[in-house]
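The lines below spell out each chain.
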Amino acid sequence: MICVKCGLSKSGRNGFFICDDCIEFSPIIQTVYQVIDESISNAEVIDPETNRLLQLIADCTFITANNPQTAIFYKICEYIIHKAYSQEYEITENELNKSVRTTRGWGEIFRLFQELDLISVRVEEYQRVLVLTDKTRKLAGQFDTDSSRSEQVIKRLAHIYAGYVLLHILYEMSNMTPDESEIHLPYGNKLKTLWNVLMFLWVKAYEGTDEFSDEDFVKFVSKRRIPSTTRGELLRALNTMSGRTVQGLIKDVVVNEGQITFKLEDYVLIEMGRIRERVRADRER
Ligand SMILES: [Zn+2]
């Protein structure tokens, strides 16, 4: 049997189940999504410097930015944020095709972005035109243009934007049941790698553990059939620490007799502690 969410297999007749880790992780994803969705939808100002949960999303999504399951989302998000940042609020499908390469059609992505109220789509005679909504404009307009750091800022905003979109897909995954696994996901794809990485990291922090070893991590994702090349990429990403340009989840990496220990940044534990309180409060209601 295979866990419908993470891919863990256990013996038993063919079919799907939900593993204990996913049972614990699903309400965490649901709560994080609710909190993020509220702040992106309602806040006047979206500032990742002060909203640490947004920072967490951006930092986490950096880790899988090159993964084939998620790469297309980053590409289109970066493109949209670039446009919005330079106050161009309409994008034709032709422009998009020239700038963002994909072998997949745009329909599924457009549908998802519309669902999240990030774009609306206007149909012209020969092509579709994306119109960026206030929600997207608000996010892109957070910082004054300062050319010296604008590239960095755009990258960061794009990661928050992509993180929000991906979190929505993870939210859909969190609602899957073994017999009703046909929740509609873009291109019918689960984000298995991202799900597994976040499940590992967030549950650690959620339980108040501030460090983990490379062996621990590899064991966890191998059981869920994440291929070894992907595991290597993930470990490399976790090893790359330098504040804003890459992920800022790990504050220290200690190598001792061939074993690597990663230490999580304090803010990750603080944010997950908040989420834990909210999950508990929701449960008691
Ligand atoms: Zn599972």
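Residues numbered from 1 in each chain as written. Predicted model: local features only at pLDDT ≥ 70, side-chain atom pairs only at ≥ 80, totals over all residues.

**Overview of the overall build of the protein chain**
Definition in use: Numbering of helices and strands runs from the N terminus, with a helix taken as a DSSP run of H or I at least four residues long and a strand as a DSSP run of E at least two residues long. What the globule rule says is 2.2 Å times the number of residues to the power 0.38, and the radius of gyration is computed from C-alpha atoms. Contact definition: two residues whose C-beta atoms, as placed from backbone geometry, lie within 7 Å.
Scanning the protein chain from terminus to terminus reveals 11 helices and 8 strands. For 285 residues, the compact-globule formula gives about 19 Å, and the C-alpha radius of gyration of the protein chain, at 19 Å, lands near that figure. Seen through its principal axes, the protein chain has C-alpha atoms that stretch 55 × 45 × 45 Å. Pairs at least 24 residues apart make up 65% of the contacts formed inside the protein chain by residues separated by at least 6 positions.

**Here's the deal with helix H3 (residues 71-85)**
Counted only if it meets this: In a helix, the anticipated span is given by 1.5 Å times the number of residues less one. Between the buried cut of 20 or more and the exposed cut of 12 or fewer other C-beta atoms within 10 Å of a residue's own C-beta lies the partly exposed class, and all C-beta atoms are placed from the backbone.
Taking 1.5 Å per residue, 15 residues should reach 21 Å; H3 reaches 21 Å between its end C-alpha atoms and fits that length. Among the 15 residues in H3, 11 count as buried, and that is most of the element. When H3 is considered as a whole, its buried residues turn out to be Ile 72, Phe 73, Tyr 74, Ile 76, Cys 77, Glu 78, Ile 80, Ile 81, Lys 83, Ala 84 and Tyr 85. One or two residues past the end of H3 sits Gln 87, with phi positive at roughly 60 degrees.

**Some remarks on the sheet that holds strand S6 (residues 211-213)**
The test is simple: Criterion used throughout: strands pair if DSSP finds at least two bridges between them. Axis definition: a line fitted to C-alpha atoms, over the contacting stretch in the case of helices. Angles run 0 to 180 degrees between N-to-C directions.
Strand order in the open sheet formed by 3 strands is S6-S8-S7, and the pairing between neighbours is antiparallel. The sheet is open, and its two borders are formed by S6 and strand S7 (250-256), each paired with just one other strand. Each neighbouring strand pair of the sheet contributes to a mean axis angle of 20 degrees, computed without reference to strand direction. Note: S6 against strand S8 (residues 259-264), 3 bridges, orientation antiparallel. If you follow Phe 212 over to S8, its bridge partner there is Phe 262. Lying on the sheet, helix H9 (residues 214-222) is in contact with S6 and S8; it crosses S6 at an angle near 70 degrees.

**Quick look at the pairing of S8**
As defined by bridge partners, S7 adjoins S8 across 6 bridges and the pair is classed as antiparallel. Paired with Val 253 across the strands is Phe 262, a residue of S8. Here S7 folds back onto S8 in antiparallel fashion, the turn holding 2 residues, of which Glu 257 has a positive phi close to 45 degrees.

**Description of the sheet that holds strand S3 (residues 90-92)**
With antiparallel pairing, the 3 strands of this open sheet are ordered in space as S3-S5-S4. Edge positions in the open sheet fall to S3 and strand S4 (119-123), since each of these has one partner strand only. The average angle at which neighbouring strand axes cross in this sheet is 25 degrees, direction not considered.

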